[in-house]
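# Analysis of the macromolecular model
Letter by letter, the chains look like this.
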Amino acid sequence: MPAIVQPGTEPFWLALMVVAGLGVVEVLSLLLGASISGLLDDGFGFHSPGHADASVLGGWMSWLNAGGVPVLVLVVVFFSAFAAIGFALQSVASNIVMPLPLLLAVPASMALALPVTRWASRGLARIIPRDESNAVSQSELIGLLGTVTLGPLDQGNPGSVRVRDRYGNIHVLRATAAPGHVIETGALVVIADGSDGLFQAIPAPPELAPHHGG
C-alpha cells in the first residue's frame, strides 16, 4: 500500500473514493426506484438552467453550470478533477524536490479544479438527458406518450419515464403513477400532470400504442 499512496496524496485518494462511493450509491438508489441525483436536484431547486439563487452557494453553483447538468454530476466532475490535478502537482513537485505540503497542494488543486469543472460541465450538458430542456417547458411535457424505463410506478418512490417531445428530443422524467394505478416497467403511459420536476403518469389507452414512436 505505501507504494500506491505516496506522501502528500492522501486527500486525492480520498476524493477518488468519494467518487466511487457516489457511483455505488446512485446505482443502488436507482435499483430501489429513486435517484440520488434527482433528489439532490430537487433539494437545491435546480430544475432548469434558468434557476437563480441569491445565496453565495447558489451563485457558485450557477457559475459551475448546475442548471445544465445534475448536481451529482458536478460533484463527481469536481472531485475527479481535484484528484487528477492533485496527483499531477505532487508528481511534478516530487520529481523536482519533494511533495508539496498539503496546506498548499489541497487549496491549489481545488482552485484549479473549479474552472475545469465549469468547462467539463458545459460539454456534458450537451449530451446528458435532463428532466427538462431549453426547448420545452415542463407544461409542454404534459400529455406526451412515453415508456416506463424504471418501475413499477406507483404512489411511492418515483421511477422513470422516457418521452419524446415535439422537437424529437428525448427526456427521462421522474414520475409516479396517478392514484389508483400501478404501472409496470416497459408499459406505455401518458404524462398526465407534473410540477417541480416530478410527473404523474397514467396507462396509455390501447388505441395509442400502435402510434407510439418514442
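Nothing here was measured: the structure is a model prediction, and the numbers come from that model.

### Things to note about the side chain of Ser 160
- By the element assignment, Ser 160 lies in strand 2 (residues 159–164).
- Filtering out sequence-adjacent residues up to four positions away, Ser 160 remains in contact with Thr 147, Val 148, Thr 149, Leu 150, Leu 153, Val 172 and Leu 173.

### Overview of the packing of helix 4 (residues 71–96) against helix 5 (residues 102–124)
- Taken N-terminus to C-terminus, the directions of helix 4 and helix 5 make an angle of 135°; their axes are 7 Å apart at the nearest point. Taken together, the axes of helix 4 and helix 5 lie oblique to each other. Like other packed secondary-structure pairs, helix 4 and helix 5 cross with a definite hand, here right-handed.
- Here the contact of helix 4 with helix 5 is built from residues that sort into 19 nonpolar, five polar and no charged.

### Thoughts on the confidence of the model for the protein chain
- Residue-level pLDDT values for the protein chain average 75, and 68% of them are 70 or greater.
- Per-residue pLDDT, averaged within each element of the protein chain, yields its smallest value for helix 2 (residues 36–44) (54) and its largest for strand 5 (residues 198–203) (89).
- Predicted confidence for residues 45–56 stays below pLDDT 50, and this span has 18 contacts to residues more than four positions away or in other chains.
- Confidence drops under a pLDDT of 50 for residues 131–135, and excluding neighbours within four residues, the segment shows 15 contacts in the predicted structure.

### So, the sheet that holds strand 2
- As summarised here, the arrangement of the five strands in space is 1-2-3-5-4, forming a closed barrel in which the pairing is mixed. Across the sheet, the mean angle separating the axes of adjacent strands is 55° when strand polarity is ignored.
- Here strand 1 (residues 145–150) runs beside strand 2; their pairing, made up of four bridges, is antiparallel. Each bridged residue has a counterpart across the sheet, and for Leu 150 the counterpart in strand 2 is Ser 160.

### Remarks on the nonpolar core
- Counting residues in hydrophobic clusters, the biggest one holds 14 residues, and the most contacted among them are Leu 153, Val 161 and Ile 191.
- If you list the elements that add at least two residues to this core, you get strand 2, strand 3 (170–177), strand 4 (188–195) and strand 5.
- By residue number, the principal contributor to this core is strand 3, which donates three residues.
- Once residues within four sequence positions are removed from consideration, Ile 191 is found in contact with Leu 141, Ile 142, Gly 143, Leu 144, Val 161, Val 163, Leu 173, Phe 199, Gln 200 and Ala 201.
- Counting ten residues, the second largest nonpolar core, distinct from the first, contains Phe 78, Ala 83, Ala 105 and Val 106.

### Comments concerning the environment of Ala 192
- The topology assignment puts Ala 192 in strand 4.
- With 48 residues separating them in the primary sequence, Ala 192 and Leu 144 have C-alpha atoms 8.2 Å apart.
- If sequence neighbours within four positions are ignored, Ala 192 has contacts with Ile 142, Gln 200, Ala 201 and Ile 202.

### Topic: the side chain of Gln 90
- Counting through the fold element by element, Gln 90 comes out in helix 4.
- Under the relative-accessibility criterion, Gln 90 is labelled buried at 2%.
- Non-local contacts of Gln 90, meaning those with residues more than four positions away in its chain, are made with Pro 7, Gly 8, Thr 9, Phe 12, Pro 99, Leu 100, Leu 102 and Ala 105.

### Brief notes about the environment of Gly 143
- Its location among the elements puts Gly 143 in the loop between helix 5 and strand 1.
- The spatial distance from the C-alpha of Gly 143 to the C-alpha of Asp 193 is 7.9 Å, given a sequence separation of 50 residues.
- Those residues in contact with Gly 143 that lie beyond four places of it in its chain are Val 190 and Ile 191.

### Focus on a nonpolar patch on the surface
- Together, Val 92, Ile 96, Val 97 and Met 98 make up a nonpolar patch on the protein surface, roughly 450 Å² of accessible area in all.
- Its place among the elements puts Val 97 in the loop between helix 4 and helix 5.

### Notes on the pairing of strand 1
- Two elements, strand 1 and strand 4, share three bridges in a ladder whose sense is antiparallel. Looking at strand 4, one finds that Thr 147 is bridged to Leu 188.

### Looking at the pairing of strand 3
- Strand 3 sits mainly inside the fold: six of its eight residues count as buried.
- Sheet topology places strand 2 next to strand 3; six bridges connect them, and they run antiparallel. Bridge assignment links Val 163 to a residue of strand 3, and that residue is His 171.
- In this structure, strand 3 lies alongside strand 5, joined through four bridges in parallel fashion. Directly across from Thr 176, in strand 5, lies its bridge partner Gln 200.

About the cut-offs
- Residues numbered from 1 in each chain as written.
- Predicted model: local features only at pLDDT ≥ 70, side-chain atom pairs only at ≥ 80, totals over all residues.
- Heavy atoms only, no water.
- Helix = DSSP H or I, 4+ residues; strand = E, 2+ residues; numbered from the N terminus.
- Contact = heavy atoms within 4.5 Å.
- Axes fitted to C-alpha atoms, helices over the stretch in contact; angles between N-to-C directions.
- Parallel < 35°, antiparallel > 145°, perpendicular 65-115°, else oblique.
- Left-handed = near helix turned anticlockwise from the far one by under 90°.
- Nonpolar A, V, L, I, M, F, W, Y, C, P; charged D, E, K, R; others polar.
- pLDDT = per-residue confidence, 0-100.
- Pairing = 2+ DSSP bridges.
- Core = buried A, V, L, I, M, F, W, Y, C linked by side-chain atoms within 4.5 Å.
- Buried < 20%, exposed > 50% of the residue type's maximum accessible area, 1.4 Å probe, protein only.
- Patch = residues over 30% accessible without salt bridge, like charges linked within 9 Å, V, L, I, M, F, W, Y side chains within 5 Å.
- Areas by Shrake-Rupley, 256 points an atom, 1.4 Å probe, with all protein chains shown as cover.
- Salt bridge = Lys/Arg side-chain N within 4 Å of Asp/Glu carboxyl O.

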